[in-house]
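Coordinate inspection notes
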Amino acid sequence: MQVKVVKFGGSSLADAEHFRQVASIVKADPTRKYVVPSAPGKRSKEDTKVTDMLYGCYELIKAREPREVIDAAYDKICERYNGIIKELGLNFDISGELEYVKNAMLHSSGRDYAASRGEYLNGLILAKYLGFAFIDAESVIYFRDNGTFDEEKTNAAVAEELAKNEYAVIPGFYGVMPNGTIKTFSRGGSDITGSIVARAAKATIYENWTDVSGFMMADPRLVNNPCIIQEITYRELRELSYMGATVLHEDAVFPVRGAGIPINIRNTNRPDDEGTWIVSRSNGYDTEKIITGIAGKKGFSVITIEKDMMNSEVGFGRKLLEIFEDNDLPFEHLPSGIDTMSVVVSTALIEEKRDKLLQTISRDLRPDSVFIEDGLALIAVVGRGMVKAKGTAARVCDSLANAGINIRMIDQGSSELNIVVGVDEGEYEDSIRAIYGEFVH
Ligand code: ASP
């Protein structure tokens with residue numbers, strides 16, 4: 001028997017019209033049994049997400065602002081929910097809940113409690129509208145004393161509760177601490193709840209409904225109308241997300257990945273679009289495009305160390321990296337020549353440690369020279385097809401050369417899943433466009 005878990009993001013539940021759309025999606029397929037909602041998102045560019053309104057209200061209370069100021073801010077939140085209920089023509093009085101939440105917030109129930117109510121209240125309304133049971137995440141999603149998520153305890157509790165309800169709404173984003181207080185995941189964490197529920201339900205598919213028709217091959221702010229990726233493996237997704245491409249919360253992958261459940265990213269506003277499939281393993285790849293996607297980030301620095309006969313000095317690399325470890329600095333890449341080694345690091349992370357780093361390297365390694373260059377952008381070209389297709393690296397390099405862009409660094413992972421190039425930050429945007437244009441026609 002098929003079971004689908006469907007998660008709807010904030011933009012998919014921003015107003016009554018979107019609630020109707022969500023209901024028609026859920027009802028169109030009886031195997032869509034478990035629904036995980038976010039809090040109402042923005043209705044327009046200038047609008048504020050309910051989660052942010054709740055955080056704002058919490059700050060006003062904490063700052064002991066006058067009661068009228070707090071009341072006015074909270075009334076705006078009430079208006080959002082009451083507006084949705086009224087427009088849906090729903091026979092549901094949420095005023096008692098709204099009053100209760102406000103009082104709890106006024107009596108120091110905490111920041112996470114405040115934020116979590118966005119999902120909680122939206123979940124109550126959606127359950128009522130769909131005619132589904134409501135399972136409070138507080139009763140099934142557990143954190144440990146140290147604040148980490150308790151996966152196994154949660155899985156057992158969610159599975160037990162789902163078994164009692166054929167159809168249910170489980171609000172996203174939060175769970176409970178051992179002492180009974182509410183704790184949220186990090187921002188965007190309803191994706192994680194969806195994944196947890198999908199695992200516990202032994203779902204066939206985890207559908208994640210948002211406002212785009214899937215994961216795009218490149219940043220749409222840089223490339224005009226980029227293609228949607230039809231299928232991407234978890235490993236490819238990890239490479240692209242690490243470099244800044246986002247559609248899904250990074251931690252949302254783990255529960256379903258372990259259980260071998262595919263994620264299907266879908267567009268609530270265009271429900272007929274296939275969306276993107278995120279899968280553990282894929283037998284094929286797009287033989288025309290070869291690559292799966294491109295993503296990148298600015299803000300990197302290269303620390304270059306030169307020393308004659310470095311290659312024969314056993315332990316040189318270890319000593320160098322130890323200096324980074326001692327300074328609590330992760331490194332991104334390590335391009336090296338015979339007598340040079342370069343360490344690519346985040347500029348923000350080294351900011352306050354620059355002088356100390358240079359001094360320690362000079363003192364411990366006695367190099368001929370050591371220097372830091374800033375302003376590097378890294379671009380990852382990712383694709384499981386690269387291992388089979390010859391000449392991909394050449395095409396990446398040619399496309400940049402043809403655009404008059406100098407490659408400052410290049411690194412190909414041995415699994416041939418990605419090629420990373422470093423370019424000047426000023427040429428970042430053009431580089432992405434050049435590489436995209438080379439592979440997608
Ligand atoms: N409402 C929360 C946020 O805005 C969680 C979510 O939407 O996934 O971060």
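Residues numbered from 1 in each chain as written. Predicted model: local features only at pLDDT ≥ 70, side-chain atom pairs only at ≥ 80, totals over all residues. Heavy atoms only, no water.

1. Examining the sheet that holds strand β9 (residues 263-267)
What counts here: For two strands to be treated as a pair, DSSP must find at least two bridges joining them. Runs of H or I in DSSP of at least four residues are treated as helices and runs of E of at least two as strands, each being numbered from the N terminus.
Strand order across the open sheet formed by 8 strands is β3-β4-β2-β1-β7-β9-β10-β8, with mixed pairing between neighbours. The open sheet has two edge strands with one neighbour each: β3 (133-134) and β8 (231-233). As judged from the 3 bridges shared by β8 and strand β10 (residues 276-279), these two strands associate in the parallel manner. Paired with Ile-232 across the strands is Ile-278, a residue of β10.

2. Looking at the pattern of salt bridges
Note the cut-off: Salt bridges are defined by distance alone: a side-chain nitrogen of Lys or Arg within 4 Å of a carboxyl oxygen of Asp or Glu. Burial status follows relative accessibility: with a 1.4 Å probe on protein chains alone, a residue under 20% of its type maximum counts as buried, one over 50% as exposed, and anything between as partly exposed.
For the coordinates displayed, the defined rule picks out 30 salt bridges. Of the charged contacts, one joins Glu-322 and Arg-318 as a salt bridge, the two residues approaching to 3.2 Å between their closest N and O atoms. With Glu-322 and Arg-318 both in helix α10 (residues 316-326) and 4 residues apart, this pair spans about one turn of that helix. Judged by its relative accessible area of 35%, Glu-322 is partly exposed. If you follow the salt bridges from partner to partner, you end up with Arg-32, Glu-207 and Arg-266 in one network.

3. Re the pairing of strand β15 (residues 418-424)
By the criterion of burial, β15 is predominantly enclosed, with 6 of the 7 residues buried. Bridge count for strand β13 (residues 369-382) against β15 is 7 bridges, and the pairing is antiparallel. Note on β15: the bridge partner recorded for Leu-376 is Asp-424. Of the strand pairs in this sheet, strand β14 (residues 409-412) and β15 are connected by 4 bridges, and their pairing is antiparallel. Along β15, the bridge assignment pairs Asp-411 with Val-420. Joining the antiparallel neighbours β14 and β15 is a turn of 5 residues, in which Glu-416 adopts a positive phi near 55°.

4. Digging into helix α8 (residues 234-242)
What counts is decided by this rule: It is the directions from the helix axis to the C-beta atoms that the arc portrays.
What α8 keeps buried is the set Tyr-234, Glu-236, Leu-237, Leu-240 and Ser-241. Taken down its axis, α8 places every buried residue within 155° of arc, on the same side. Downstream of α8 by one or two residues, Gly-244 has phi in the positive range, about 105°.

5. A look at the sheet that holds β13
The strands making up a sheet associate through hydrogen bonds between their backbones, and the pairing can be parallel or antiparallel. Basically, it comes down to this: For every element, the axis is a line fit to its C-alpha atoms; helices are fit only across the contacting stretch, and the angle between N-to-C directions ranges from 0 to 180 degrees. We call two residues in contact whenever any of their non-hydrogen atoms come within 4.5 Å of each other.
If you trace the 5 strands from one edge of the open sheet to the other, you get β12-β11-β13-β15-β14, paired in antiparallel fashion. Unpaired on one side and paired on the other, β12 (340-346) and β14 mark the two borders of the sheet. The mean angle between the axes of side-by-side strands here comes to 30°, regardless of whether they run parallel or antiparallel. Where strand β11 (residues 293-306) lies against β12, 7 bridges are found, and the strand directions are antiparallel. In the sheet register, Val-302 faces β12, and the bridge partner there is Val-344. Of the strands in this sheet, β11 and β13 touch helix α12 (residues 354-365), which is tilted by about 110° from β13. Most of the contacts of helix α14 (residues 428-439) go to β11, to which it runs at about 125°, and overall it touches β11, β13 and β15.

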